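Here is how the chains run, residue by residue.
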Amino acid sequence: MDDDMLEDQRRLVDLIEDEGWDVTDLEISAYDSPWADEDDPEATVTITARKPYESDGDGEDEDNPYRLK
């Protein structure tokens, strides 16, 4: 894995965190592309993030029979 991939990963995390999300898991996979004739590696990044939303407190969901308590 080269430094460019790690810098891109950090940039993606920063963008997500700047939008108010908390990154909870991250996986980067570097590989040689089976579709390209070049020797340049490719990477995929999987990011899991969470963002709590404040409810308006109307209590509407409390009577929902499908909501876990």
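Further up the page is the structure itself.
Okay, so let's go over this structure. (Residues numbered from 1 in each chain as written. Predicted model: local features only at pLDDT ≥ 70, side-chain atom pairs only at ≥ 80, totals over all residues. Heavy atoms only, no water.)

**Some remarks on the overall build of the protein**
Inference 1: Broken down by element type, the protein carries one helix and two strands.
Inference 2: Traced from its N-terminal end to its C-terminal end, the protein shows the element sequence α-β-β.
Inference 3: Among the 69 residues that make up the protein, the fraction classed as buried is 7%.
Inference 4: A sequence separation of at least 24 residues applies to 42% of the contacts in the protein between residues at least 6 apart.
Inference 5: Carbon and sulfur atoms form 44% of the exposed surface of the protein, whose accessible area is close to 6,300 Å². (Helix = DSSP H or I, 4+ residues; strand = E, 2+ residues; numbered from the N terminus. Buried < 20%, exposed > 50% of the residue type's maximum accessible area, 1.4 Å probe, protein only. Contact = heavy atoms within 4.5 Å. Areas by Shrake-Rupley, 256 points an atom, 1.4 Å probe, with all protein chains shown as cover.)

**Description of a negative patch on the surface**
Inference 1: Negative charge collects at one region of the surface, where Asp-2, Asp-3, Asp-4 and Glu-7 lie side by side.
Inference 2: Here Asp-2 lies in the segment before helix 1 (3-18).
Inference 3: Of the residues examined, Asp-2 reaches a relative accessible area of 33% and is grouped as partly exposed. (Patch = residues over 30% accessible without salt bridge, like charges linked within 9 Å, V, L, I, M, F, W, Y side chains within 5 Å. Salt bridge = Lys/Arg side-chain N within 4 Å of Asp/Glu carboxyl O. Lys, Arg positive; Asp, Glu negative; His and termini not counted. Charge placed at Lys NZ, Arg CZ, Asp CG, Glu CD.)

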